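Structural description and commentary
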Amino acid sequence: MPELSNRTENFTDSVIRRMTRISNKYKAVNLSQGFPDFEPPKEILQRLAEVASEDFHQYSITWGAQNFREALAKKQEHFTGMKIDPNSEIVVTCGSTEAMMSAMMSVTNPGDKVIVFSPFYENYGADTILSGAEPIYVPLNPPEFNFDADVLENAFRQKPKALILCNPSNPCGKVFTYDELKIIADLAEKYDTFVITDEVYEHIIYAPHRHTYFSTLPNMKDRTISCGSLSKTYSITGWRLGYVIASPHIIDTVKKVHDFLTVGAPAPLQEAAVTGLKFGDAYYNDLQMKYTEKKNLLLNGLDSLKIPHTTPEGAYYVLLDISEFNYDSDLVFCEELAEKVGVGAVPGSSFFREPENRYIRLHFAKKNDTLNEALNRLADIRKKIKPRG
Ligand code: GLN
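The notes below deal with the structure included here. The structure presented is a predicted model; accordingly, all values stated were derived computationally and were not measured. (Residues numbered from 1 in each chain as written. Predicted model: local features only at pLDDT ≥ 70, side-chain atom pairs only at ≥ 80, totals over all residues. Heavy atoms only, no water.)

In total, this model carries 21 aromatic pairs according to the counting rule given. Of the aromatic side chains, those joined through ring pairs into one cluster are Phe38, Tyr201, Tyr291, Tyr316 and Tyr317. Taking NZ or CZ as reference, Lys366 lies 4.2 Å from the ring centre of Phe35, over its face. (Phe/Tyr/Trp six-rings, centres within 6.5 Å; stacked < 30°, edge-to-face > 60°. Lys NZ or Arg CZ within 6 Å of the ring centre and 35° of its normal.)

This part covers the nonpolar core. Counting 123 residues, the largest nonpolar core has Phe68, Phe117, Leu152, Ile184, Leu337 and Leu378 as its most contacted members. In terms of residue count, the dominant contributor to this core is helix H10 (residues 281-304) (eight residues). Leave out the neighbours within four places in its chain, and Phe117 touches Val138, Leu140, Phe147, Leu152, Leu163, Ile164, Leu165, Phe176 and Ile184. (Core = buried A, V, L, I, M, F, W, Y, C linked by side-chain atoms within 4.5 Å. Buried < 20%, exposed > 50% of the residue type's maximum accessible area, 1.4 Å probe, protein only. Helix = DSSP H or I, 4+ residues; strand = E, 2+ residues; numbered from the N terminus. Contact = heavy atoms within 4.5 Å.)

What follows deals with helix H4 (residues 95-107). Look at H4: 19 Å from first C-alpha to last across 13 residues, which is about the 18 Å you get at 1.5 Å a residue. Counting buried positions along H4 gives eleven out of 13 residues, so the element sits mostly inside the fold. (Expected span 1.5 Å × (residues − 1).)

Where helix H1 (residues 15-25) meets helix H11 (residues 330-341), the closest approach of the two axes is 10 Å, and the angle between their N-to-C directions is 30°. Between H1 and H11, the interaxial angle falls into the category roughly parallel. H11 is crossed by H1, and the crossing has right-handed handedness. Residues Val15, Arg18, Met19 and Ile22 of H1 touch H11, and the partners they reach there are Leu331, Cys334, Glu335 and Ala338. Considered class by class, the residues forming the contact of H1 with H11 number six nonpolar, no polar and two charged. (Axes fitted to C-alpha atoms, helices over the stretch in contact; angles between N-to-C directions. Parallel < 35°, antiparallel > 145°, perpendicular 65-115°, else oblique. Left-handed = near helix turned anticlockwise from the far one by under 90°. Nonpolar A, V, L, I, M, F, W, Y, C, P; charged D, E, K, R; others polar.)

Right under this line is the structure:
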(Lines give C-alpha, C1' and ligand atoms only; values in the text may rest on other atoms or scores of the structure.)
Protein backbone atom coordinates (compact mmCIF):
# COMPACT_ATOMS: atom_id res chain seq x y z
CA MET A 1 0.00 0.00 0.00
CA PRO A 2 1.26 3.56 -0.64
CA GLU A 3 2.07 5.68 2.39
CA LEU A 4 -0.46 8.13 3.80
CA SER A 5 0.35 11.83 3.78
CA ASN A 6 2.57 13.20 6.54
CA ARG A 7 0.37 16.25 7.19
CA THR A 8 -1.05 14.92 10.44
CA GLU A 9 2.13 13.32 11.79
CA ASN A 10 2.83 16.10 14.25
CA PHE A 11 -0.46 16.20 16.07
CA THR A 12 -2.82 13.72 17.72
CA ASP A 13 -6.60 13.62 17.50
CA SER A 14 -8.32 16.27 19.62
CA VAL A 15 -7.81 15.51 23.33
CA ILE A 16 -10.93 17.57 24.11
CA ARG A 17 -13.10 15.35 21.95
CA ARG A 18 -11.31 12.21 23.13
CA MET A 19 -12.22 13.14 26.72
CA THR A 20 -15.91 13.22 25.73
CA ARG A 21 -15.60 9.61 24.53
CA ILE A 22 -13.81 8.63 27.77
CA SER A 23 -16.49 10.41 29.84
CA ASN A 24 -19.21 8.54 27.98
CA LYS A 25 -17.42 5.23 28.54
CA TYR A 26 -17.42 5.74 32.34
CA LYS A 27 -20.83 7.50 32.44
CA ALA A 28 -19.05 10.50 33.95
CA VAL A 29 -20.60 13.97 34.22
CA ASN A 30 -18.92 15.38 31.13
CA LEU A 31 -17.40 18.77 31.89
CA SER A 32 -14.64 18.22 29.31
CA GLN A 33 -15.72 19.26 25.78
CA GLY A 34 -17.46 22.61 26.10
CA PHE A 35 -21.08 22.37 25.00
CA PRO A 36 -24.41 23.01 26.78
CA ASP A 37 -26.79 20.34 28.03
CA PHE A 38 -29.64 22.86 28.16
CA GLU A 39 -31.95 23.80 25.28
CA PRO A 40 -31.31 26.54 22.74
CA PRO A 41 -33.81 29.47 22.79
CA LYS A 42 -37.27 28.15 21.95
CA GLU A 43 -37.91 30.84 19.29
CA ILE A 44 -34.99 29.42 17.28
CA LEU A 45 -36.30 25.86 17.69
CA GLN A 46 -39.82 26.92 16.62
CA ARG A 47 -38.39 28.51 13.49
CA LEU A 48 -36.35 25.34 12.84
CA ALA A 49 -39.57 23.29 12.89
CA GLU A 50 -41.21 25.65 10.37
CA VAL A 51 -38.14 25.67 8.13
CA ALA A 52 -38.44 21.89 7.71
CA SER A 53 -41.47 22.39 5.48
CA GLU A 54 -40.22 25.48 3.68
CA ASP A 55 -37.91 25.76 0.69
CA PHE A 56 -34.46 25.76 2.36
CA HIS A 57 -33.16 22.31 1.50
CA GLN A 58 -30.66 23.09 -1.23
CA TYR A 59 -27.35 24.92 -1.10
CA SER A 60 -27.46 28.52 0.01
CA ILE A 61 -25.10 30.99 -1.68
CA THR A 62 -21.67 29.58 -0.91
CA TRP A 63 -20.58 32.49 1.31
CA GLY A 64 -23.87 32.44 3.23
CA ALA A 65 -27.59 33.04 2.75
CA GLN A 66 -28.37 36.71 2.05
CA ASN A 67 -30.74 37.21 5.01
CA PHE A 68 -28.33 35.46 7.38
CA ARG A 69 -25.46 37.75 6.34
CA GLU A 70 -27.71 40.81 6.59
CA ALA A 71 -28.91 39.87 10.08
CA LEU A 72 -25.36 39.03 11.20
CA ALA A 73 -23.99 42.32 9.85
CA LYS A 74 -26.69 44.25 11.77
CA LYS A 75 -26.02 42.37 15.00
CA GLN A 76 -22.23 42.79 14.81
CA GLU A 77 -22.64 46.47 13.85
CA HIS A 78 -24.73 46.92 16.98
CA PHE A 79 -22.05 45.40 19.24
CA THR A 80 -18.91 46.69 17.52
CA GLY A 81 -20.20 50.11 16.46
CA MET A 82 -18.62 49.54 13.03
CA LYS A 83 -20.24 49.34 9.61
CA ILE A 84 -20.12 45.83 8.06
CA ASP A 85 -21.08 45.18 4.43
CA PRO A 86 -23.01 41.88 4.34
CA ASN A 87 -22.13 41.39 0.66
CA SER A 88 -18.39 41.90 0.65
CA GLU A 89 -17.19 41.52 4.24
CA ILE A 90 -18.71 38.23 5.52
CA VAL A 91 -18.28 34.53 4.78
CA VAL A 92 -20.56 32.11 6.66
CA THR A 93 -18.69 28.90 7.53
CA CYS A 94 -19.24 25.49 9.14
CA GLY A 95 -18.49 26.65 12.66
CA SER A 96 -15.68 28.87 13.78
CA THR A 97 -13.43 25.83 13.30
CA GLU A 98 -13.76 26.23 9.53
CA ALA A 99 -13.63 30.02 9.85
CA MET A 100 -10.22 29.80 11.56
CA MET A 101 -8.88 27.24 9.10
CA SER A 102 -10.08 29.29 6.11
CA ALA A 103 -8.52 32.41 7.61
CA MET A 104 -5.21 30.62 8.16
CA MET A 105 -5.16 29.21 4.64
CA SER A 106 -6.06 32.62 3.24
CA VAL A 107 -3.17 34.51 4.84
CA THR A 108 -0.29 32.03 5.20
CA ASN A 109 1.99 30.32 2.72
CA PRO A 110 3.83 27.14 3.72
CA GLY A 111 6.78 28.15 5.92
CA ASP A 112 5.18 31.37 7.20
CA LYS A 113 5.22 31.96 10.94
CA VAL A 114 2.17 32.58 13.10
CA ILE A 115 2.14 33.82 16.71
CA VAL A 116 -0.02 31.76 19.06
CA PHE A 117 -0.49 32.61 22.75
CA SER A 118 -0.04 29.63 25.07
CA PRO A 119 -2.25 28.26 26.60
CA PHE A 120 -4.26 28.02 23.39
CA TYR A 121 -7.37 26.26 22.12
CA GLU A 122 -5.95 23.06 20.66
CA ASN A 123 -7.31 23.57 17.11
CA TYR A 124 -4.80 26.38 16.48
CA GLY A 125 -1.85 23.97 16.62
CA ALA A 126 -3.41 21.67 14.03
CA ASP A 127 -4.69 24.62 11.91
CA THR A 128 -1.17 26.03 11.75
CA ILE A 129 0.42 22.70 10.80
CA LEU A 130 -2.30 21.81 8.25
CA SER A 131 -1.79 25.13 6.50
CA GLY A 132 1.98 24.53 6.44
CA ALA A 133 2.76 27.43 8.78
CA GLU A 134 4.99 27.37 11.81
CA PRO A 135 3.75 28.52 15.23
CA ILE A 136 5.75 30.88 17.47
CA TYR A 137 4.36 30.45 20.97
CA VAL A 138 4.17 33.38 23.38
CA PRO A 139 3.30 32.44 26.97
CA LEU A 140 0.36 33.85 28.87
CA ASN A 141 1.93 33.37 32.28
CA PRO A 142 -0.21 31.67 34.93
CA PRO A 143 -1.85 32.36 37.30
CA GLU A 144 -2.79 35.83 35.87
CA PHE A 145 -2.18 34.83 32.24
CA ASN A 146 -0.48 38.10 31.37
CA PHE A 147 2.03 38.32 28.54
CA ASP A 148 5.41 40.02 28.55
CA ALA A 149 5.39 42.76 25.89
CA ASP A 150 9.11 42.25 25.22
CA VAL A 151 8.68 38.53 24.64
CA LEU A 152 5.80 39.35 22.29
CA GLU A 153 7.89 41.87 20.39
CA ASN A 154 10.69 39.29 20.04
CA ALA A 155 8.14 36.97 18.42
CA PHE A 156 7.11 39.79 16.03
CA ARG A 157 10.78 40.30 15.14
CA GLN A 158 10.66 36.85 13.50
CA LYS A 159 8.33 38.43 10.91
CA PRO A 160 5.18 36.37 11.46
CA LYS A 161 2.42 36.60 8.88
CA ALA A 162 -0.32 36.56 11.52
CA LEU A 163 -1.11 36.43 15.22
CA ILE A 164 -3.99 34.32 16.53
CA LEU A 165 -5.96 35.99 19.31
CA CYS A 166 -8.59 34.06 21.26
CA ASN A 167 -10.51 36.64 23.27
CA PRO A 168 -12.21 35.86 25.66
CA SER A 169 -9.71 33.09 25.94
CA ASN A 170 -10.29 29.35 25.96
CA PRO A 171 -9.02 27.69 28.22
CA CYS A 172 -7.74 30.34 30.68
CA GLY A 173 -10.77 32.67 30.74
CA LYS A 174 -8.66 35.77 30.14
CA VAL A 175 -10.42 38.84 28.74
CA PHE A 176 -7.72 41.03 27.18
CA THR A 177 -7.87 44.62 28.35
CA TYR A 178 -7.90 47.52 25.90
CA ASP A 179 -4.31 48.35 26.87
CA GLU A 180 -3.14 44.78 26.19
CA LEU A 181 -4.93 44.77 22.83
CA LYS A 182 -3.33 48.13 22.00
CA ILE A 183 0.14 46.62 22.57
CA ILE A 184 -0.75 43.82 20.13
CA ALA A 185 -2.24 46.29 17.63
CA ASP A 186 0.81 48.55 17.70
CA LEU A 187 3.11 45.57 17.09
CA ALA A 188 0.85 44.24 14.30
CA GLU A 189 1.13 47.63 12.61
CA LYS A 190 4.86 48.03 13.22
CA TYR A 191 5.69 44.57 11.85
CA ASP A 192 2.88 44.50 9.25
CA THR A 193 1.11 41.40 10.54
CA PHE A 194 -2.48 40.13 10.24
CA VAL A 195 -4.47 39.40 13.40
CA ILE A 196 -6.87 36.44 13.23
CA THR A 197 -9.32 36.59 16.12
CA ASP A 198 -11.42 33.84 17.64
CA GLU A 199 -14.18 35.72 19.43
CA VAL A 200 -16.72 32.92 19.91
CA TYR A 201 -17.16 33.85 23.61
CA GLU A 202 -17.82 37.55 22.81
CA HIS A 203 -21.10 37.47 24.79
CA ILE A 204 -19.91 35.40 27.75
CA ILE A 205 -18.15 37.99 29.91
CA TYR A 206 -18.20 38.47 33.69
CA ALA A 207 -18.56 41.96 35.16
CA PRO A 208 -16.61 44.20 35.52
CA HIS A 209 -14.73 42.85 32.49
CA ARG A 210 -15.73 44.04 29.02
CA HIS A 211 -15.11 42.58 25.59
CA THR A 212 -13.26 44.79 23.12
CA TYR A 213 -13.49 43.64 19.49
CA PHE A 214 -9.96 43.72 18.11
CA SER A 215 -11.13 45.16 14.78
CA THR A 216 -12.32 48.30 16.60
CA LEU A 217 -8.80 49.33 17.66
CA PRO A 218 -7.32 52.25 15.71
CA ASN A 219 -6.13 51.16 12.23
CA MET A 220 -6.95 47.51 12.90
CA LYS A 221 -10.06 47.02 10.75
CA ASP A 222 -8.08 46.25 7.60
CA ARG A 223 -5.64 43.80 9.16
CA THR A 224 -8.10 41.93 11.41
CA ILE A 225 -9.78 38.73 10.33
CA SER A 226 -12.55 38.25 12.88
CA CYS A 227 -13.83 34.69 13.36
CA GLY A 228 -17.00 34.07 15.30
CA SER A 229 -19.74 31.57 15.82
CA LEU A 230 -23.37 31.11 16.82
CA SER A 231 -22.50 27.93 18.77
CA LYS A 232 -21.90 29.46 22.17
CA THR A 233 -24.12 32.53 21.90
CA TYR A 234 -27.28 30.56 21.05
CA SER A 235 -26.32 27.15 22.53
CA ILE A 236 -26.31 25.45 19.12
CA THR A 237 -22.83 23.91 18.90
CA GLY A 238 -24.11 21.05 16.71
CA TRP A 239 -25.45 23.40 14.03
CA ARG A 240 -21.94 24.32 12.91
CA LEU A 241 -22.64 27.95 12.06
CA GLY A 242 -19.66 30.28 12.14
CA TYR A 243 -18.33 33.18 10.13
CA VAL A 244 -15.37 35.27 9.05
CA ILE A 245 -15.67 39.07 8.97
CA ALA A 246 -12.86 41.02 7.28
CA SER A 247 -12.29 43.67 4.64
CA PRO A 248 -13.34 42.84 1.06
CA HIS A 249 -9.92 41.97 -0.38
CA ILE A 250 -9.35 39.40 2.39
CA ILE A 251 -12.90 38.07 2.14
CA ASP A 252 -12.46 37.46 -1.61
CA THR A 253 -9.73 34.93 -0.77
CA VAL A 254 -11.56 33.44 2.23
CA LYS A 255 -14.58 32.89 -0.05
CA LYS A 256 -12.46 30.77 -2.41
CA VAL A 257 -10.96 28.64 0.37
CA HIS A 258 -14.37 28.14 1.97
CA ASP A 259 -16.07 27.36 -1.34
CA PHE A 260 -13.72 24.47 -2.08
CA LEU A 261 -13.54 23.18 1.51
CA THR A 262 -17.25 22.92 2.31
CA VAL A 263 -19.34 24.79 -0.34
CA GLY A 264 -21.49 26.22 2.41
CA ALA A 265 -22.97 26.06 5.89
CA PRO A 266 -26.31 24.17 6.20
CA ALA A 267 -29.05 26.24 4.54
CA PRO A 268 -32.02 25.30 6.78
CA LEU A 269 -29.99 25.97 9.92
CA GLN A 270 -28.87 29.38 8.65
CA GLU A 271 -32.51 30.25 8.02
CA ALA A 272 -33.62 29.15 11.50
CA ALA A 273 -30.70 30.93 13.19
CA VAL A 274 -31.68 34.30 11.67
CA THR A 275 -34.30 34.38 14.44
CA GLY A 276 -31.49 34.40 17.03
CA LEU A 277 -29.44 37.02 15.21
CA LYS A 278 -32.44 39.35 15.48
CA PHE A 279 -32.80 39.04 19.27
CA GLY A 280 -32.56 42.32 21.19
CA ASP A 281 -30.17 43.30 24.01
CA ALA A 282 -32.27 41.52 26.65
CA TYR A 283 -31.20 38.15 25.25
CA TYR A 284 -27.49 38.90 25.63
CA ASN A 285 -27.98 40.36 29.12
CA ASP A 286 -29.83 37.20 30.17
CA LEU A 287 -27.06 35.06 28.72
CA GLN A 288 -24.47 36.90 30.80
CA MET A 289 -26.60 36.50 33.93
CA LYS A 290 -27.13 32.81 33.29
CA TYR A 291 -23.41 32.13 32.82
CA THR A 292 -22.46 34.34 35.78
CA GLU A 293 -24.75 32.21 37.95
CA LYS A 294 -23.22 28.97 36.62
CA LYS A 295 -19.69 30.26 37.11
CA ASN A 296 -20.48 31.25 40.70
CA LEU A 297 -22.16 27.91 41.41
CA LEU A 298 -19.14 25.91 40.22
CA LEU A 299 -16.47 28.20 41.67
CA ASN A 300 -18.17 28.46 45.08
CA GLY A 301 -18.51 24.66 45.11
CA LEU A 302 -14.82 24.23 44.30
CA ASP A 303 -13.94 26.74 47.05
CA SER A 304 -15.90 24.80 49.64
CA LEU A 305 -14.10 21.61 48.55
CA LYS A 306 -10.82 23.54 48.83
CA ILE A 307 -9.87 22.72 45.25
CA PRO A 308 -7.70 25.58 43.95
CA HIS A 309 -8.78 27.08 40.64
CA THR A 310 -8.50 30.06 38.30
CA THR A 311 -11.20 32.75 38.15
CA PRO A 312 -12.43 33.24 34.59
CA GLU A 313 -13.12 36.77 33.33
CA GLY A 314 -14.96 35.41 30.30
CA ALA A 315 -15.81 32.19 28.37
CA TYR A 316 -17.06 29.15 30.32
CA TYR A 317 -13.98 27.29 31.51
CA VAL A 318 -12.10 27.02 34.78
CA LEU A 319 -8.66 25.50 35.35
CA LEU A 320 -8.31 23.42 38.52
CA ASP A 321 -4.87 23.15 40.08
CA ILE A 322 -4.18 19.46 40.73
CA SER A 323 -0.59 19.86 42.01
CA GLU A 324 -1.49 18.23 45.35
CA PHE A 325 -2.05 14.89 43.56
CA ASN A 326 1.50 14.90 42.23
CA TYR A 327 0.73 13.09 38.96
CA ASP A 328 3.34 12.96 36.19
CA SER A 329 0.59 12.86 33.59
CA ASP A 330 -2.50 15.05 33.73
CA LEU A 331 -4.00 12.81 31.01
CA VAL A 332 -3.77 9.79 33.33
CA PHE A 333 -5.24 12.00 36.09
CA CYS A 334 -8.21 12.90 33.87
CA GLU A 335 -8.79 9.27 32.93
CA GLU A 336 -8.85 8.34 36.63
CA LEU A 337 -11.09 11.30 37.41
CA ALA A 338 -13.60 10.06 34.82
CA GLU A 339 -13.38 6.45 35.95
CA LYS A 340 -13.16 6.76 39.74
CA VAL A 341 -14.82 10.10 40.53
CA GLY A 342 -17.18 10.20 37.55
CA VAL A 343 -16.31 13.68 36.24
CA GLY A 344 -14.95 14.36 32.74
CA ALA A 345 -12.20 17.02 32.43
CA VAL A 346 -9.58 17.99 29.85
CA PRO A 347 -5.88 17.70 30.77
CA GLY A 348 -4.37 21.18 30.86
CA SER A 349 -1.24 20.03 29.02
CA SER A 350 -3.22 19.81 25.78
CA PHE A 351 -3.50 23.62 25.82
CA PHE A 352 0.03 24.59 26.85
CA ARG A 353 3.22 24.71 24.83
CA GLU A 354 5.19 24.88 28.09
CA PRO A 355 5.63 21.62 30.06
CA GLU A 356 2.65 22.47 32.29
CA ASN A 357 1.12 19.60 34.20
CA ARG A 358 -0.72 21.18 37.09
CA TYR A 359 -4.08 22.03 35.52
CA ILE A 360 -7.23 20.30 34.34
CA ARG A 361 -10.02 22.18 32.57
CA LEU A 362 -13.71 21.96 33.49
CA HIS A 363 -16.49 23.82 31.68
CA PHE A 364 -19.75 25.07 33.16
CA ALA A 365 -22.08 25.31 30.17
CA LYS A 366 -24.35 22.86 31.94
CA LYS A 367 -27.67 22.83 33.81
CA ASN A 368 -27.28 23.77 37.47
CA ASP A 369 -28.35 20.20 38.38
CA THR A 370 -25.51 18.81 36.26
CA LEU A 371 -23.00 21.15 37.91
CA ASN A 372 -24.30 20.20 41.38
CA GLU A 373 -23.98 16.50 40.51
CA ALA A 374 -20.38 17.08 39.37
CA LEU A 375 -19.64 18.90 42.66
CA ASN A 376 -21.19 16.04 44.67
CA ARG A 377 -18.87 13.64 42.91
CA LEU A 378 -15.85 15.91 43.29
CA ALA A 379 -16.47 15.95 47.06
CA ASP A 380 -14.92 12.45 47.08
CA ILE A 381 -11.92 13.31 44.94
CA ARG A 382 -9.37 12.96 47.77
CA LYS A 383 -10.86 9.63 48.85
CA LYS A 384 -10.80 8.19 45.35
CA ILE A 385 -7.58 9.61 43.96
CA LYS A 386 -4.50 9.38 46.17
CA PRO A 387 -1.43 11.56 45.70
CA ARG A 388 1.40 9.83 43.83
CA GLY A 389 5.02 9.49 44.76
N1 GLN B 1 -14.66 24.91 22.09
C2 GLN B 1 -15.12 23.78 22.86
C3 GLN B 1 -14.04 23.32 23.83
O4 GLN B 1 -12.99 23.90 23.91
C5 GLN B 1 -15.55 22.66 21.97
C6 GLN B 1 -14.45 22.12 21.18
C7 GLN B 1 -14.91 21.28 20.07
O8 GLN B 1 -14.95 20.07 20.25
N9 GLN B 1 -15.21 21.83 18.94
O10 GLN B 1 -14.28 22.38 24.53
